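Now for the letters of each chain:
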Amino acid sequence: MGPLRVLNLGAGGFIGSHLTQRLLAEGHIVTAVDLYSDKLGENLEHPRLTFLRQDIRGDWNLDELVEGSDLVIDLIAHANPGLYIRIPLDVFRLNFLENLKIAEACVRHGKHLIQFSTCEVYGRTAASLPHAALANPEDPIHATFAEDSSEFILGPVNKHRWIYSSAKQLLERVVHAYGLQEGFHYTIIRPFNFLGPKIDFLPSDNQDGVPRVFSFFMDALLTGAPLQLVNGGHQRRCYTHIEDAVECIYRIVINAGGVCDREIFNIGSPYNEVSIRQMAEIMREIYARRFATPGDPLSEIVELGGDEFYGSGYDDSDRRIPDITKARTLLGWEPRWRVQELLESTMEYHVDEFRRKRDALSVRVS
Ligand code: UDP
């Protein structure tokens, strides 16, 4: 197979920037579209990369770009719980209406689309329902979600966190329907909590933003503020190293033998389940051992309610473990990173970045 011309929408984000790096390293030709470019770093200068700073909400040359590519990857989304609470309408508009335009352009031009969705489509576990009477509610079977057989359990409309999940679910259903009725070639990816260098931003750098939990905890450790556990930190997540994730995504890009056509893939590490409380404790222990200045007090761990932290309308996935049988069988993929090393290496990157920026600032000030 020769080099692919890849239209990478949302290439400037966390997943997009790592994926762009891999696509370029493998010899492909990438048109990267994003509002931001800082995470792309020196790849911006790469001869096989064209970067277009573009807001997709409005008129732009989508059709022309889709027509000129072999493959379209759509990563554009509002994808932080803080945003689902603050700007639910924008979440719907971007994650459904605007993404649908991209999918329909791919249908029009007969191009394969890799559509990023979310593990959040699965919602909550049956074991979390108030009247569930399961013999063994802790059995991981109740929290292990498979692409083509698991049910979706979402909260009521007034818990508007679920607008994100619903928008992504509807997009998946429409894309699937285009496959059925019009022979559209697509692959849907449901990421399970990817983590690694360049995730989000630190809240102390961007007072307005609401990043994901790793960045809140990292920032708290670096600034001596408390690590805040929402609703006791009992919720569990499976963290997946971005390197493992990109390996799987790349196999989907190559799509050897067409095995990914009209398939949905969970990408995540079923081995890395931690509660948010455990994650806070592990990160605090790593910070104390590796990065803290001896004698400085360590951040405390405190608890607060979801509405207090995010605002009203917050609800949560209690637990989600990916069933990755499909990625294993069709793609021969297996995640390698385990959670302790994943957290430690991601923290190392972010501590270095924080100190580098702080030092640069103090040089400028002095
Ligand atoms: N959370 C927390 N403290 C924080 C930020 C988030 O306890 O400072 C919780 C949040 O309520 C959720 C989990 O951490 O249960 C993961 O949240 P995140 O924003 O990383 O994204 P999600 O996995 O829910 O998409």
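Details of the structure are given in the entry above.
Note that the structure is predicted; figures quoted are calculated from it, not measured.

### Notes on the overall build of the protein
Then, number 1: Each helix and strand in the protein was counted, giving 11 helices and 15 strands.
Then, number 2: Taking 2.2 N^0.38 as the reference for a compact globule, 366 residues should give roughly 21 Å; the C-alpha atoms of the protein span a radius of gyration of 21 Å, in line with that estimate.
Then, number 3: With the principal axes as the frame, the protein shows a C-alpha extent of 60 × 60 × 40 Å.
Then, number 4: Per-residue burial for the protein yields a buried fraction of 51% across its 366 residues.
Then, number 5: Contacts in the protein between residues far apart in sequence, at least 24 positions, make up 77% of those at least 6 positions apart.
Then, number 6: Of the roughly 16500 Å² that the protein leaves accessible, carbon and sulfur atoms contribute 51%.
Then, number 7: Between the centroid of the 38 positive side chains of the protein and the centroid of its 51 negative side chains there is a distance of 1 Å.

### A few points about the site of the ligand
Then, number 1: Contacts to the ligand come from 19 residues, most closely from Val213, Gln228, Arg237, Tyr314 and Asp316.
Then, number 2: Backbone polar atom of Val213 to an oxygen atom of the ligand: 2.8 Å apart, as the coordinates give it.
Then, number 3: In this structure, an oxygen atom belonging to the ligand sits 3.0 Å away from a side-chain N or O atom of Arg320.
Then, number 4: The fraction of the free accessible surface of the ligand (520 Å²) that becomes covered by protein chains is 97%.

### Some remarks on helix α7 (residues 242–254)
Then, number 1: Compared with the 18 Å implied by 1.5 Å per residue over 13 residues, the 18 Å span of α7 between its first and last C-alpha is a close match.
Then, number 2: When we look at burial in α7, the residues that qualify are Ile242, Asp244, Ala245, Val246, Cys248, Ile249, Tyr250, Ile252 and Val253.
Then, number 3: Downstream of α7 by one or two residues, Asn255 has phi in the positive range, about 50°.

### A closer look at the pattern of salt bridges
Then, number 1: What the rule picks out here adds up to 27 salt bridges.
Then, number 2: Of the charged contacts in the structure, one is a salt bridge between Arg108 and Asp63, with a shortest N-O distance of 3.1 Å. One end of the pair, Arg108, is in helix α4 (residues 88–109); the other, Asp63, is in helix α2 (residues 62–67), with 45 residues separating them in the sequence.
Then, number 3: For Arg108, a relative accessible area of 53% gives the class exposed.

### Thoughts on unusual backbone geometry
Then, number 1: Of note, Asn193 is a non-glycine position whose phi angle comes to about 40°, a positive value.
Then, number 2: With respect to the secondary-structure elements, Asn193 resides in the loop between β7 (186–191) and β8 (194–195).
Then, number 3: Although it is not a glycine, Lys198 sits at a positive phi angle of roughly 75°.
Then, number 4: On the secondary structure map, Lys198 appears in the loop between β8 and α6 (213–223).
Then, number 5: On the basis of relative accessibility, which here comes to 22%, the residue Lys198 falls in the partly exposed class.

### Let's talk about the side chain of Glu172
Then, number 1: Positionally, Glu172 belongs in helix α5 (residues 162–182).
Then, number 2: Its relative accessible area of 6% is what places Glu172 among the buried residues.
Then, number 3: Here Glu172 is in contact with Ser117, Val121, Ile188, Arg190 and Ile264, once residues within four sequence places are set aside.

### Regarding the packing of α6 against helix α8 (residues 276–291)
Then, number 1: Between α6 and α8, the shortest axis-to-axis distance is 11 Å and the interhelical angle comes to 35°. In this structure, α6 crosses over α8, and the sense of that crossing is right-handed. Contact residues: Val213, Phe214, Phe217, Met218, Leu221 and Leu222 in α6; Ile276, Met279, Ala280, Met283, Arg284 and Tyr287 in α8.
Then, number 2: For the contact of α6 with α8, the residue count by class is 11 nonpolar, no polar and 1 charged.

Analysis parameters
Residues numbered from 1 in each chain as written. Predicted model: local features only at pLDDT ≥ 70, side-chain atom pairs only at ≥ 80, totals over all residues. Heavy atoms only, no water. Helix = DSSP H or I, 4+ residues; strand = E, 2+ residues; numbered from the N terminus. Rg over C-alpha atoms; globule rule 2.2 N^0.38 Å. Buried < 20%, exposed > 50% of the residue type's maximum accessible area, 1.4 Å probe, protein only. Contact = heavy atoms within 4.5 Å. Areas by Shrake-Rupley, 256 points an atom, 1.4 Å probe, with all protein chains shown as cover. Lys, Arg positive; Asp, Glu negative; His and termini not counted. Charge placed at Lys NZ, Arg CZ, Asp CG, Glu CD. Near = heavy atom within 4 Å. Polar contact = N/O pair within 3.5 Å; in protein donor to acceptor, adjacent residues only side chain to side chain. Expected span 1.5 Å × (residues − 1). Salt bridge = Lys/Arg side-chain N within 4 Å of Asp/Glu carboxyl O. Axes fitted to C-alpha atoms, helices over the stretch in contact; angles between N-to-C directions. Left-handed = near helix turned anticlockwise from the far one by under 90°. Nonpolar A, V, L, I, M, F, W, Y, C, P; charged D, E, K, R; others polar.

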